[in-house]
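Listed below are the residues making up each chain.
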Amino acid sequence: MTAFVLVNISLFAILGATALAITRMRALYEATMLTALFSLVTGSLFVLLDAVDVAFTEAAVGVGISTVLLLGVLSLTRSREAVTPRRRRLPAALVVLFAGGALGYAAQDLPPFGSATTPVRDHPVTETYLVQSQQDMGIPNTVTSVLASYRGLDTLGELVVVFTAGVTVLLLLGPLTRRNHPVKKDLVLADYRVLRVVSGVLMPFILLFALYVLFHGDYGAGGGFQAGVIFASGFVLYGLVFGLDRVQQVLPQAVLWVLIPLGLLLFMGLGVATVLLGGSFLDYDTLRPDDTAAGQRLGILLVETAIGLTVATVMTSVFFSFTGRGASR
Amino acid sequence: MTVIEVLSGVLLAAGAFFVVTGAVGLVRFPDFYTRIHAVGVTDSAGAGLILLGLLLRTTEWEVGLRLLIILLFMVITSPTAAHTLAQAARRDGVPVWRAGDTRR
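Residues numbered from 1 in each chain as written. Chains lettered and ligands numbered in written order. Predicted model: local features only at pLDDT ≥ 70, side-chain atom pairs only at ≥ 80, totals over all residues.

Asks: So what exactly am I meant to see when it comes to the overall build of chain A here?
Replies: Across its full length, chain A carries 13 helices and zero strands. Overall, chain A shows an N-to-C arrangement of helices and strands of α-α-α-α-α-α-α-α-α-α-α-α-α. Each of the three principal axes of chain A carries a C-alpha extent, and together these read 60 × 50 × 40 Å. Within chain A, the fraction of its 329 residues that count as buried is 30%. (Helix = DSSP H or I, 4+ residues; strand = E, 2+ residues; numbered from the N terminus. Buried ≥ 20, exposed ≤ 12 C-beta atoms within 10 Å, placed from the backbone.)

Here's what the structure looks like:
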């Protein structure tokens with residue numbers, strides 16, 4: 001127990017130090033790398049809290065793809081933070097102090113760490129999810145059951161958010177904006193032979209791992225969101241090393257534009273299909289009326305695939321947009 | 001206490017030692033290339049020895065297989081990262097530290 005507390009305290013200390021270092025930093029490349037460290041430490045804390053699914057997402061999104069996207073943004077703009085005049089810092093400081101104070105005040109109402117009588121433990125719905133899901137679906141990972149079936153509508157909302165973000169970036173940076181400058185050949189990392197060979201060797205394993213995460217989400221940590229991000233990071237790695245032209249030969253932009261809405265349409269179409277089969281929206285029991293557990297598992301698999309499809313294609317095309325923009329300046 | 005447990009403890013302690021030396025090196029070494037070397041030690045010797053030590057403590061073959069895969073990935077990726085960093089720094093013209101120079 002003491003070792004556990006010690007690890008927790010050290011991780012929190014590293015987290016606080018990282019946050020302070022980020023605020024002190026003017027060079028944005030360094031700050032970006034530190035935000036990746038921040039996400040990694042947060043992910044470790046989630047593992048200590050037994051929230052492995054959340055930790056996995058934090059590691060894949062926070063450390064992996066968002067760092068690469070931020071670096072892509074920085075290559076388009078200035079990479080040093082502008083200095084704010086001292087008197088204009090006062091309102092910001094007041095806002096930060098007020099928000100922090102309010103959060104600290106609210107945190108006093110939280111139950112103590114590891115308490116046995118929290119609402120999360122005592123509320124009857126916890127028991128329902130943990131026990132009932134085994135009869136309803138027979139899937140060991142309750143997180144997946146809750147995410148894809150019990151709260152499927154919420155997950156659909158999350159996917160709509162991802163879709164909207166992707167479409168917005170494409171509208172701002174994508175094919176609909178005008179390009180005045182011819183595409184220049186920038187420095188390609190493929191000139192480094194070791195990097196070229198190693199990333200070529202790793203590429204199939206990354207995609208295989210993404211498939212494993214997608215289809216193993218029923219049994220362990222993982223699922224559509226994580227798998228989508230891992231898929232995207234495979235293509236991002238390929239694009240970073242071999243250049244945008246090569247990766248777009250493998251994965252043309254037109255294919256991405258078809259696949260981005262396809263995942264969302266698959267998710268919504270599944271909901272409509274269950275309505276047409278006589279159930280309510282996203283009620284997978286109707287897919288196999290004779291064996292509802294198998295119907296639930298089928299529905300969860302389809303939903304996870306749809307999530308993976310949209311997340312992977314949105315992340316990849318956001319990366320393409322940023323790097324394509326960088327190459328055309 | 002069996003032989004395997006002792007061996008695993010030695011491996012874990014050695015791994016932890018290399019992680020600490022890597023951290024010390026990162027702070028104390030004078031320039032970019034030597035610091036990359038320190039980080040490389042953390043990733044390869046430190047993490048590798050810790051993974052080997054954990055491998056001796058596993059009872060299920062599935063866990064062992066996962067540890068082996070992680071080890072394989074560490075062995076492939078971390079030297080590649082160190083190598084690419086060093087080569088990029090050379091291409092960028094980062095000067096190499098010589099004895100007698102000041103810390104950079």
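Asks: Where do I start with the interface of chain B and chain A in this structure?
Replies: How big an interface is tends to be stated in terms of accessible area lost as the parts join. Taken together, the contacts link five residues of chain B with five residues of chain A. Its residues assigned to classes, the side of chain B that touches chain A shows one nonpolar, four polar and no charged. (Contact = placed C-beta atoms within 7 Å. Nonpolar A, V, L, I, M, F, W, Y, C, P; charged D, E, K, R; others polar.)

Asks: Before we go on, may I ask you to explain the packing of helix α2 (residues 28–48) of chain A against helix α3 (residues 52–74) of chain A in this structure?
Replies: Residues and elements named next belong to chain A. Their axes nearest at 8 Å, the elements α2 and α3 cross at an angle of 175 degrees. By the angle class used here, α2 and α3 are roughly antiparallel. Mapping the contact onto sequence places Leu28, Tyr29, Thr32, Ala36, Ser39, Leu40, Thr42, Gly43, Phe46 and Val47 in α2 and Val52, Val54, Ala55, Glu58, Ala59, Gly62, Val63, Thr67, Leu70, Leu71 and Leu74 in α3. By residue class, the composition of the contact of α2 with α3 is 14 nonpolar, six polar and one charged. (Axes fitted to C-alpha atoms, helices over the stretch in contact; angles between N-to-C directions. Parallel < 35°, antiparallel > 145°, perpendicular 65-115°, else oblique.)

Asks: How should the environment of Val41 of chain B be read in this particular structure?
Replies: All names here are of chain B. On the secondary structure map, Val41 appears in helix α2 (residues 32–57). Along the sequence, Val41 and Val10 sit 31 residues apart, while their C-alpha atoms lie 18 Å from each other. In this structure Val41 touches Phe18, Thr21, Gly22, Gly25 and Gly46, once residues within four positions along its chain are discounted.

Asks: Help me out: how do you make sense of the packing of α3 of chain A against helix α10 (residues 224–242) of chain A in this one?
Replies: Residue and element names in this part refer to chain A. The N-to-C vectors of α3 and α10 enclose an angle of 30 degrees; their axes lie 10 Å apart at closest approach. As judged from the angle between their axes, α3 and α10 are roughly parallel. For the pair α3 and α10, the sense of crossing is left-handed. On α10, the residues that touch Phe56, Thr57, Ala60, Val61, Gly64, Ile65 and Val68 of α3 are Phe225, Gln226, Val229, Ile230, Ala232, Ser233 and Val236. Grouping the constituent residues of the contact of α3 with α10 by class yields 10 nonpolar, four polar and no charged. (Left-handed = near helix turned anticlockwise from the far one by under 90°.)

Asks: It is not clear to me how α2 of chain A should be interpreted in this structure. Could you clarify?
Replies: Every α-helix carries 3.6 residues per turn, so stepping three or four residues along brings you back to the same face. Residue and element names in this part refer to chain A. Taking 1.5 Å per residue, 21 residues should reach 30 Å; α2 reaches 30 Å between its end C-alpha atoms and fits that length. The complete set of buried residues in α2 reads Thr32, Phe38, Ser39, Val41 and Gly43. The inward-facing, buried residues of α2 contact α1 (2–24) and α3. Two residues or fewer after α2 comes Asp50, characterised by a positive phi angle close to 65 degrees. (Expected span 1.5 Å × (residues − 1).)

Asks: Honestly, the nonpolar core in this entry has me stumped. Any pointers?
Replies: Burial of nonpolar side chains together is a common tendency in soluble globular proteins. Counting 54 residues, the largest nonpolar core has Ile65, Val229, Ala232, Val236, Val311, Met315 and Phe319 of chain A as the members making the most contacts within it. For this core, the elements supplying multiple residues, two or more each, are α3, α7 (142–150), α8 (152–173), α9 (193–216), α10, α12 (253–276) and α13 (292–327) of chain A. Leave out the neighbours within four places in its chain, and Val236 of chain A touches Ile65, Val68, Thr316 and Phe319 of chain A. Judged by nonpolar contacts, the second largest core, of six residues, contains Leu11, Ala47, Leu49 and Ile50 of chain B. (Core = buried A, V, L, I, M, F, W, Y, C linked by C-beta atoms within 7 Å.)

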